[in-house]
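# Examining the three-dimensional arrangement
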Amino acid sequence: EDQVTQSPEALRLQEGESSSLNCSYTVSGLRGLFWYRQDPGKGPEFLFTLYSAGEEKEKERLKATLTKKESFLHITAPKPEDSATYLCAALSGNTGKLIFGQGTTLQVKP
Amino acid sequence: NAGVTQTPKFQVLKTGQSMTLQCAQDMNHEYMSWYRQDPGMGLRLIHYSVGAGITDQGEVPNGYNVSRSTTEDFPLRLLSAAPSQTSVYFCASSYSDYYGYTFGSGTRLTVV
C-alpha cells in the first residue's frame, strides 16, 4: 500500500537554528515528490517537485533533497515567518494518485 | 487571475441533508482533485479528474459524487451528510499530475 510518513509531527526552533524535516515514502513507481507549505486557515502552497534520487532544489532558506526512500526539507537559519505546516506528497506512477503525509508543524521563535 | 475558487467558505449541515461544494479554476488546468483534511489524518484524496468528462475515485470516495462537464468546474456533491463528513475540503488543479497542484482556500464543513 502506498504510504507517506513525515517526522517529526512538530518542531520548535529558535530563529537562526537550522534543522531538517523528513518525509519517508513507499510508493509504487514514484513519479514525483512534492513539498507544500500550509498556513493556518489556508490551502497548501506549492514549494518544490523532485523527480529523481539525488535531485536538489532550493528556495530562499529552504532546500529539498530526494533519495530512493525519503526526502528532506532543510531549513537554514529560519525566521519566524517560516512558521507553518510543511506537507510532502508522493505521486504514484502505478495508480496516478498523489498521497500526502500528515505534515510537520514548524514553529520558529524570535 | 483568481486561481482556484471554492465556495462556500463555511457551511453547517444537518445529518441527511445534501449539498454541493463548488470549485472553479481559471488557469485552463486539465487535472482537478478534491481532498479532505482532518486533524492527524493529513490530506486524503476523495475524487479526481484528468479532463472534462473523466473522473475517478480516490482514497475516500464513499458518500461523495463528482462530475466534470467543463474544464473550469469540478463540483463535489454530498449525497446525505453524516457527522463523519465534518472536515475541511480542498479543491486543487494542475496542468498535469506531474506538476504541483494549486489549491483553493478550502471549505470548512460541519455536519450536526
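Above this text you will find the structure in question.
The paragraphs below set out a description of the structure included in this document. (Residues numbered from 1 in each chain as written. Chains lettered and ligands numbered in written order. Predicted model: local features only at pLDDT ≥ 70, side-chain atom pairs only at ≥ 80, totals over all residues. Heavy atoms only, no water.)

We now examine the side chain of Gln37 of chain B. Looking at where Gln37 of chain B falls in the secondary structure, it is placed in strand 4 (residues 31-38). What makes Gln37 of chain B buried here is its relative accessible area of 18%. Of note is the side chain of Gln37 of chain B, whose polar atom sits 2.9 Å from the side chain of Gln38 of chain A. With sequence-adjacent residues up to four places away left out, Gln37 of chain B is seen in contact with Gln38 of chain A together with Gly42, Leu43, Ser87, Val88 and Phe90 of chain B. (Helix = DSSP H or I, 4+ residues; strand = E, 2+ residues; numbered from the N terminus. Buried < 20%, exposed > 50% of the residue type's maximum accessible area, 1.4 Å probe, protein only. Polar contact = N/O pair within 3.5 Å; in protein donor to acceptor, adjacent residues only side chain to side chain. Contact = heavy atoms within 4.5 Å.)

What follows is about the state of the cysteines. Within the structure shown, the criterion is met by two disulfides over all chains. Covalently, Cys23 of chain A is tied to Cys88 of chain A through a disulfide, its sulfur atoms 1.9 Å apart. Looking along the S-S bond of the Cys23 of chain A-Cys88 of chain A disulfide, the torsion reads about 75°, which is the right-handed sense. A residue pair is termed long-range when its members are at least 10 positions apart, and Cys23 of chain A in strand 3 (residues 19-26) and Cys88 of chain A in strand 9 (residues 84-92) qualify at 65 residues. Cys88 of chain A shares its class with Cys23 of chain A; the two are buried. The disulfide that involves Cys23 of chain B links it to Cys91 of chain B, with 1.9 Å between the sulfurs. Note on the Cys23 of chain B and Cys91 of chain B pair: the S-S dihedral is about -70°, so by sign convention the disulfide is left-handed. Of this pair, Cys23 of chain B sits in strand 3 (residues 19-25) while Cys91 of chain B sits in strand 9 (residues 87-94); the two residues are 68 residues apart in sequence, bridging distant segments of the chain. Cys91 of chain B matches Cys23 of chain B in its accessibility class, with the two residues each being buried. (Disulfide = S-S within 2.5 Å.)

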